[in-house]
Amino acid sequence: MKKQAVNPYLPLDEYVPDGEPRVFDNRLYIFGSHDRSHGNRFCMNDYVGWSAPCDNLADWRYEGVIYRKTDDPNNPEKDAMYAPDVVKGPDGRYYMFYGHGSRKPPEQWCINVAVCSTPAGRYQYYGRIDLSPWSESYFPFDPAVLVDEDGRVWLYYGFGSGDWRKGNKGRGGAVVELAPDMLTVLSEPGATLPNKYTNTDETLQGHAFFEASSIRKINGKYYFIYSSQLSHELCYATADAPDGPFRYRGVLISNGDYGLNGNTVFRNWWGNNHGSLVEIEGTWYIFYHRHTQQSAFSRQGCAEKITMSEKGDFVQAECTSCGLNQGPLLTKGKYSAVIAANLYNGADTSESICCRRAKGTYFDEETAQGVRTHMIKRFGSSAHAVYKYFLFEGETGIQIRIKGKAKGVFTVIVAGDKTDIPIDIQGKEWESITGVIRFQGESAMEFLYSGTGTFAIRDFGFTEREAHS
């Protein structure tokens, strides 16, 4: 069976959030921050590269470490490096824009540039962009860059507040023009979108700028992608010129599926979000990240197909398990339990399901004797794990591996039909439970449990049975 694409799209032991998708020479490259499993702060690792051929988005290749914290001479403290963006400059070289400064006072935060002759080679420090005259109004954070067809270069950046440690609320997002050297600032900052403190635009209420600037030019218009004041959602605004004015257009995705088709319940652990749009062979995708390990510091990249209308409007995308796959997943072989598109407790509210809580079911990994095992932990009554989407081909056997202390009924729901599997486990070893799914066609698959105790779910696999007529 040909390898399929799933979410998260990178190997499960990789934690690359803030993904900027860029296509160079018919390969898709992901440039992002680099979290650590069970990390205790943001972006603890060096930048790494990953790429895939545009005609096979399941075939990801590790490009190695492309830039270390110690490569920046202004970073002797080895501060976290945040959310890079990479563009091809007018001279044909590749320029990486990034920020760091988590241990510095706000006035010392900055945006830096590294350069390389290839998209995912070893970048070398190139210089610092001097935005200090305006840092109280527009905080130098989360850079995004556009090299326009006319050769002009535009830098987008900003944060929901300015010098927040001194009570300065700042103005929101900014854009400046850079010289072709990719360093020299040619203009004073103009506003992209206001933050929640300065917003007076009624169409922007509830979706003011927070962070995660990204920029794309689509059919002659400029699409500004950003994370809103709600944090969990990526939104977009458009303009006829690279420096605006930008007009809010809508939500691209929420990592809690909030707002999807009017949904008012969070279907995932939600937290900050960052990503962008890319078109590959005529299909648009939105890249974003999800939260794992009951933490804001171990985020994984995900991606979804997204629909654009003939008028250039995008419809909010749904979190799925199949993401970059060309269609639903096949009911063949084995899948990790952590590809669940939604994972939540039925009683959760927007306040209790945020990524910093310490209760409920969640994605995690354990390492024993050098082997990493990924799993859903603390699955109990009221927990939901939803997998979207699978193509069922009749009667299909399913085997699920679990461990823990629990007694009750495990239920698999496909297209409204329930398969109940009694469980009674009292141990630390993985055990298999089995059932039969009777459905033909494309459907989500949901796991539920009713009973006492909790358990972990490691993986599930399918076996073919007699075709369903």
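What comes next concerns the included structure. (Residues numbered from 1 in each chain as written. Predicted model: local features only at pLDDT ≥ 70, side-chain atom pairs only at ≥ 80, totals over all residues. Heavy atoms only, no water.)

1. Quick look at the overall build of the chain
When helices and strands are counted, the chain shows zero helices and 26 strands. Referenced to the eigenvectors of the C-alpha coordinate spread, the extents of the chain come out at roughly 70 × 45 × 45 Å. Put simply, the chain has 469 residues, and 60% of those count as buried. Summed over all atoms, the accessible surface of the chain reaches about 18,900 Å², with 47% contributed by carbon and sulfur. Mean positive and mean negative side-chain charge positions of the chain (50 and 57 charges, respectively) differ by 5 Å. (Helix = DSSP H or I, 4+ residues; strand = E, 2+ residues; numbered from the N terminus. Buried < 20%, exposed > 50% of the residue type's maximum accessible area, 1.4 Å probe, protein only. Areas by Shrake-Rupley, 256 points an atom, 1.4 Å probe, with all protein chains shown as cover. Lys, Arg positive; Asp, Glu negative; His and termini not counted. Charge placed at Lys NZ, Arg CZ, Asp CG, Glu CD.)

2. Overview of the state of the cysteines
In the structure shown here, the tally under the stated rule is zero disulfides. Here Cys 110 is not cross-linked by a disulfide; its sulfur's nearest cysteine counterpart is in Cys 43, at 15 Å. (Disulfide = S-S within 2.5 Å.)

3. Here's the deal with the sheet that holds strand S6 (residues 94-100)
As summarised here, the arrangement of the four strands in space is S5-S6-S7-S8, forming an open sheet in which the pairing is antiparallel. Each edge of the open sheet carries a strand with a single partner, namely strand S5 (81-88) and strand S8 (124-129). Looking at each pair of strands side by side, their axes are set apart by 25 degrees on average, direction ignored. (Pairing = 2+ DSSP bridges. Axes fitted to C-alpha atoms, helices over the stretch in contact; angles between N-to-C directions.)

4. As for the packing of aromatic side chains
Aromatic ring pairs are reported here in terms of the distance separating the ring centres and the angle at which the planes meet. Overall, the coordinates contain 47 aromatic pairs when judged by the stated rule. Cluster of aromatic residues (ring-pair linked, three or more members): Tyr 335, Phe 379, Tyr 387, Phe 390, Phe 392, Phe 410, Phe 439, Phe 447, Tyr 449, Phe 455, Phe 460 and Phe 462. Positioned over the ring face of Phe 363 is Arg 290, at 3.9 Å from the centre of the ring. (Phe/Tyr/Trp six-rings, centres within 6.5 Å; stacked < 30°, edge-to-face > 60°. Lys NZ or Arg CZ within 6 Å of the ring centre and 35° of its normal.)

5. Some words on the side chain of Ser 295
Positionally, Ser 295 belongs in the loop between strand S18 (283-291) and strand S19 (299-305). From its side chain, Ser 295 meets the backbone nitrogen of Phe 297 in a polar contact 2.8 Å long. Once residues lying within four places of it in the same chain are set aside, the contact partners of Ser 295 are Gly 39 and Cys 355. (Polar contact = N/O pair within 3.5 Å; in protein donor to acceptor, adjacent residues only side chain to side chain. Contact = heavy atoms within 4.5 Å.)

6. Topic: unusual backbone geometry
Of the consecutive residues Asn 7 and Pro 8, the connecting peptide bond is found in the cis state with omega at -5 degrees. The topology assignment puts Pro 8 in the segment before strand S1 (20-24). With omega at 5 degrees, the peptide bond leading from Gly 244 into Pro 245 counts as cis. Tracing the sequence through the fold places Pro 245 in the loop between strand S15 (233-239) and strand S16 (247-254).

7. A look at the nonpolar core
One finds Phe 379, Tyr 387, Ile 400, Phe 410, Met 445 and Phe 447 to be the most contacted residues of the largest nonpolar core, which totals 37 residues. Sorting the residues of this core by element identifies strand S24 (371-379), strand S25 (383-414) and strand S26 (417-464) as the ones contributing at least two each. Tallying contributions element by element places S26 first for this core, with 13 residues. Filtering out sequence-adjacent residues up to four positions away, Phe 379 remains in contact with Leu 343, Thr 361, His 384, Ala 385, Phe 410, Phe 447, Leu 448, Tyr 449, Gly 453, Thr 454, Phe 455 and Ile 457. (Core = buried A, V, L, I, M, F, W, Y, C linked by side-chain atoms within 4.5 Å.)

8. Notes on the pattern of salt bridges
Tallied over the full model, the rule gives 23 salt bridges. With a shortest N-O distance of 2.2 Å, Arg 249 and Asp 313 are connected by a salt bridge. Of this pair, Arg 249 sits in strand S16 while Asp 313 sits in the loop between S19 and strand S20 (329-330), and the two are 64 residues apart along the sequence. Salt bridges linked by common partners bring Asp 364, Glu 366, Lys 377 and Lys 403 together as one network. (Salt bridge = Lys/Arg side-chain N within 4 Å of Asp/Glu carboxyl O.)

9. A look at the environment of Gly 121
Among the structural elements, Gly 121 can be located in the loop between strand S7 (110-116) and S8. For Gly 121, a relative accessible area of 17% translates into the label buried. Discounting chain neighbours no more than four positions away, the residues touching Gly 121 are Ile 66 and Cys 116.

10. What to know about the pairing of strand S10 (residues 153-158)
Regular strands have side chains that alternate between both faces of the sheet. S10 sits mainly inside the fold: six of its six residues count as buried. Bridge count for strand S9 (residues 144-147) against S10 is four bridges, and the pairing is antiparallel. Counted as the bridge partner of Val 147 is Val 153 from S10. Connecting S9 to the next strand, S10, in antiparallel fashion are five residues, including Gly 151 with a positive phi near 90 degrees. In this structure, S10 lies alongside strand S11 (residues 172-178), joined through six bridges in antiparallel fashion. Bridge pairing in S11 links Trp 154 to Glu 177.

11. Remarks on the environment of Arg 247
Its place among the elements puts Arg 247 in strand S16. Linking Arg 247 and Tyr 389, residues 142 residues apart in sequence, is a C-alpha distance of 34 Å. Other than its neighbours up to four places away in sequence, Arg 247 contacts Tyr 236, Ala 237 and Thr 238.

12. A closer look at the pairing of strand S13 (residues 209-218)
A large share of S13 lies buried, amounting to eight of its 10 residues. Pairing geometry for S13 and strand S14 (residues 221-228), over seven bridges, is antiparallel. Counted as the bridge partner of Ile 215 is Phe 224 from S14.

13. Thoughts on the side chain of Thr 361
Inspection of the secondary structure puts Thr 361 in the loop between strand S22 (342-345) and strand S23 (362-368). A residue is classified by how much of its surface remains accessible, and Thr 361, at 0% relative accessible area, is buried. Within the local environment of Thr 361, its side chain forms a polar contact with the backbone oxygen of Lys 377, the two atoms lying 2.9 Å apart. In this structure, Thr 361 is in contact with Trp 269, Leu 343, Tyr 344, Asn 345, Ile 376, Lys 377, Arg 378, Phe 379 and Ala 383, ignoring residues within four places of it in sequence.

14. Looking at the sheet that holds S18
Spatially, the three strands line up as an open sheet ordered S17-S18-S19, and their pairing is antiparallel. Pairing within the sheet leaves two strands with one partner each, and these edge strands are strand S17 (277-280) and S19. Ignoring strand direction, the axes of neighbouring strands in this sheet form an average angle of 35 degrees. Where S18 meets S19, seven bridges bridge the pair, whose relative direction is antiparallel.

15. Notes on the environment of Leu 330
Within the secondary structure layout, Leu 330 lies in strand S20. The class of Leu 330 is partly exposed, set by a relative accessible area of 26%. Taking C-alpha positions, Leu 330 is 8.6 Å from Gln 4, a pair spaced 326 residues apart along the chain. If near-sequence neighbours (up to four positions away) are discounted, Leu 330 is found in contact with Met 1, Gln 4, Tyr 335, Phe 390 and Phe 462.

These figures capture arrangement, not role.
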